[in-house]
Amino acid sequence: MKTKLITTVVLAATLGLGGAARAATDCGSCEHEKAAVQVAQSGHESMAGHDMKKMEGNRHGTRIREAKVEGFTIEYYLIDMREMAKSQEHMGHETGMAKMKSHHLMTYVTGADAKPVTDAKVGYLIVGAGGAEQKAMAMAMDGGYGADVDLTAAGPDKVTVKIVAGAKTLLDEFTYPVPKQK
């Protein structure tokens, strides 16, 4: 009976917090709360305590590149999940982020008409300096497309991005220098 009561209370509290998180996404000026909900919904822990000064507008993370491909503008932002885990652990929270990949790569696509492209498919192929390959399909989130990637290998990574937007296929490629571990 006691276990049933505890389970019911925990479930009710979880559902109540979920409603509050959804309400936060409706607040146009609450970028911090929207980012926390977005990351939580994408399978990551809460971003409470994370330095959100790195956000630009509705973009999440640190901007690492902007490219023009066939009239489209493609912007890339990187979230360092290790830093987020450190801030959570510093606050005394159990993160479970040790099993996660090192970074979250966000891609934002804007058409020639200056409107965001929200119905595309985005995939990443990352080849590390040692030749190790990783592939990731990004999922649509908060006006962009994001996936967890591992950028911990020494040396630069070659990142190839394929975007399929309707009948249009866009390819972009760049080298990303991996920062040294602190």
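Small disclaimer: the values here were computed from a predicted structure and weren't measured.

## Section: the sheet that holds strand β6 (residues 144-149)
Spatial strand order, β1-β2-β3-β6-β5-β4-β7-β8: eight strands in an open sheet with antiparallel pairing. Edge positions in the sheet fall to β1 (62-69) and β8 (168-176), since each has one partner strand and no second. When the angles between neighbouring strand axes are averaged without regard to direction, this sheet yields 20°. Relative to strand β2 (residues 72-80), β1 runs antiparallel, the two sharing seven bridges. Pairing of T62 across the sheet is with L78, part of β2.

## A closer look at the nonpolar core
If you look at the biggest cluster of nonpolar residues, it comprises 25 residues, and the most contacted ones within it are Y124, V161 and I163. Of all the secondary-structure elements, those providing two or more residues to this core are β2, β3 (103-110), β4 (121-127), β5 (133-141), β6, β7 (157-165) and β8.

## Comments concerning the confidence of the model for the protein chain
In the predicted model, the protein chain carries a mean pLDDT of 73, and 59% of its residues have values of at least 70. Scored below 50 in pLDDT, residues 1-55 makes 54 contacts in the model with residues more than four places away or belonging to other chains.

## Regarding the pattern of salt bridges
Under the counting rule described, the total for this entry stands at seven salt bridges. E75 is the partner of R63 in a salt bridge, and the nearest nitrogen-oxygen pair spans 3.6 Å. Taken together, the residues span a long stretch of sequence, with R63 in strand β1 and E75 in strand β2 at a distance of twelve residues. With relative accessibility at 36%, the residue R63 sits in the partly exposed group. The residue D172 makes a salt bridge to R65 at a minimum N-O spacing of 2.9 Å.

## Details of the packing of aromatic side chains
How two aromatic rings sit relative to each other is set out by the distance from centre to centre and by the angle between their planes. On inspection of all chains with the given rule, the structure shows two aromatic pairs. Each ring, one from Y76 and one from F174, has its centre 4.9 Å from the other, and the planes form 50°; the classification is tilted. Residue Y76 is located in strand β2, and its partner F174 is located in strand β8; the two are separated by 98 residues in the primary sequence. Aromatic pair Y77 and Y108: ring centres 5.6 Å apart, planes at 85°, arrangement edge-to-face. Highlighted residues: Y77 in strand β2 and Y108 in strand β3, separated in sequence by 31 residues. Taking relative accessible area as the criterion, Y77 reaches 1% and is therefore assigned buried. Classification of Y108 by relative accessible area gives buried; the value is 1%.

## Quick look at the environment of R59
Residue position: R59 is located in the loop between α2 (31-41) and β1. It is 8.1 Å that separates the C-alpha atoms of R59 and Y108, two residues lying 49 residues apart in sequence. Discounting residues that sit within four places of it in the chain, R59 has contacts with E75, Y77, Y108 and T110. At 3.2 Å, the side chain of R59 and the side chain of N58 are in polar contact. Within the local environment of R59, its side chain forms a polar contact with the side chain of E75, the two groups lying 2.7 Å apart.

Conventions we followed
Think of each chain on its own: its residues are numbered from 1, step by step along the sequence as written. For a predicted model such as this one, the threshold for reporting local features is a pLDDT of at least 70, and the threshold for listing and counting side-chain atom pairs is 80 or more; totals across whole chains, interfaces and linings nevertheless cover every residue. With hydrogens and water set aside, each side-chain value is computed from the structure's full complement of heavy atoms. In this scheme, strands are said to pair when DSSP sees at least two bridges between them. Here a strand is any run of E in DSSP of at least two residues, a helix any run of H or I of at least four, and the numbering for each starts at the N terminus. Axis definition: a line fitted to C-alpha atoms, limited for helices to the stretch in contact. Angles are taken between N-to-C directions and run from 0 to 180 degrees. Joining through side-chain atoms within 4.5 Å is the link that ties buried Ala, Val, Leu, Ile, Met, Phe, Trp, Tyr and Cys residues into a set, and such a set is a nonpolar core. Relative accessibility under 20% of the residue-type maximum defines a buried residue, over 50% an exposed one, and the middle range a partly exposed one, all with a 1.4 Å probe and only protein chains included. Confidence of the predictor in every single residue is expressed as pLDDT, which spans 0 to 100. A contact between two residues is defined here by any heavy atoms of the two lying within 4.5 Å. Salt bridges are counted wherever a side-chain nitrogen of Lys or Arg sits within 4 Å of a carboxyl oxygen of Asp or Glu. When the centres of two rings from Phe, Tyr and Trp lie within 6.5 Å, Trp using its six-membered ring, the rings pair. Their planes under 30 degrees apart give stacked, over 60 give edge-to-face, and anything left gives tilted. Any pair of nitrogen or oxygen atoms within 3.5 Å is treated as a polar contact; in protein, a donor-acceptor pairing is required on top of that, and neighbouring residues in sequence qualify only through side-chain atoms on both sides.

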